[in-house]
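Structural overview
Listed below are the residues making up each chain.
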Amino acid sequence: MDEEDGRRARVEDTSFSPKRCLAWFREYTTPVEPDTLGPEGMEKFCKCIGVEPENVVMLVLAYKMQARRMGFFTKDEWLKGLSDLQCDTIQKLQFKLDFMCSLLNDQNVFKAVFRYAYDFARDKDQRSMDMETAKAMLQLLLAKQWSLFKQFDEFLDQSKYKVINKDQWCNILEFSRTIFNDLSNYDVDGAWPVMLDEFVEWLKLARSKSDVMTPLH
């Protein structure tokens, strides 16, 4: 191989190839459903790139693909997301994982991923998201971002709510970003969903109880 051929081979190796990307996709699909990567294929894919399925980077990847169902990637979604990331091999995607996580540091991207997560994770037969799924998604997205997350999680556990609707979902993010830990800037007459009014009441009550129980030295 002369120098010119060697240079061309290196360029071809670094540039994105839809054909190579599709061949990679087929490693995780079955002959019965060659155009859909399902839960078993997803498990294998996660293992190959060295990422736990519940890692937030998988949500960012799904967002890049605009995947419609959790646990599934279609051929078109796969090609859309990975051509956007310019990844057609395991190594290239592994190299991009840190970059994908860092995208969440941008507030606008985080908001877009947070909103996307609602439609992605909910059962498509239901208009709302069931509480178990909602709690898992909130844990994934807000546990490290929101200092009141633990209290909110406890509140949901003991509340009457069995599902979360989209308005509540979007407002939880807004609340986590704007309301101080001491709740001093919470406006009772604001346009927050009732769920968040109830959380504030619950938290104030819990804090007043713990104040009463804390002996003065």
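Everything that follows concerns the structure shown earlier in this document.
Residues numbered from 1 in each chain as written. Predicted model: local features only at pLDDT ≥ 70, side-chain atom pairs only at ≥ 80, totals over all residues. Heavy atoms only, no water.

**Examining the overall build of the chain**
- Looking only at helices and strands, the chain features 11 helices and 4 strands.
- Principal-axis analysis of the C-alpha atoms places the extent of the chain at approximately 80 × 40 × 30 Å.
- Buried positions account for 40% of the 217 residues belonging to the chain.
- Restricting to contacts in the chain with at least 6 residues of sequence separation, those with at least 24 account for 65%.
- Just so you have it, the chain exposes about 13,100 Å², and 52% of that area is on carbon and sulfur atoms.
- The centroid of the 30 positive side-chain charges in the chain is displaced by 2 Å from the centroid of its 36 negative side-chain charges. (Helix = DSSP H or I, 4+ residues; strand = E, 2+ residues; numbered from the N terminus. Buried < 20%, exposed > 50% of the residue type's maximum accessible area, 1.4 Å probe, protein only. Contact = heavy atoms within 4.5 Å. Areas by Shrake-Rupley, 256 points an atom, 1.4 Å probe, with all protein chains shown as cover. Lys, Arg positive; Asp, Glu negative; His and termini not counted. Charge placed at Lys NZ, Arg CZ, Asp CG, Glu CD.)

**Points about the nonpolar core**
- Judged by nonpolar contacts, the single largest core of 66 residues is most densely connected at Phe45, Trp78 and Trp169.
- Once residues lying within four places of it in the same chain are set aside, the contact partners of tryptophan 78 are Cys21, Trp24, Phe25, Tyr28, Leu37, Phe45, Met65 and Phe73. (Core = buried A, V, L, I, M, F, W, Y, C linked by side-chain atoms within 4.5 Å.)

**Here's the deal with the packing of helix H4 (residues 56-65) against helix H7 (residues 107-121)**
- Running from amino to carboxyl end, H4 crosses H7 at an angle of 85°, the nearest separation of the two axes being 10 Å. It follows from the interaxial angle that H4 and H7 lie roughly perpendicular. Between H4 and H7, the residues in contact are Leu59, Ala62 and Tyr63 and Ala112, Val113, Tyr116, Ala117 and Phe120, respectively.
- When grouped by side-chain class, the residues that make up the contact of H4 with H7 number 8 nonpolar, no polar and no charged. (Axes fitted to C-alpha atoms, helices over the stretch in contact; angles between N-to-C directions. Parallel < 35°, antiparallel > 145°, perpendicular 65-115°, else oblique. Nonpolar A, V, L, I, M, F, W, Y, C, P; charged D, E, K, R; others polar.)

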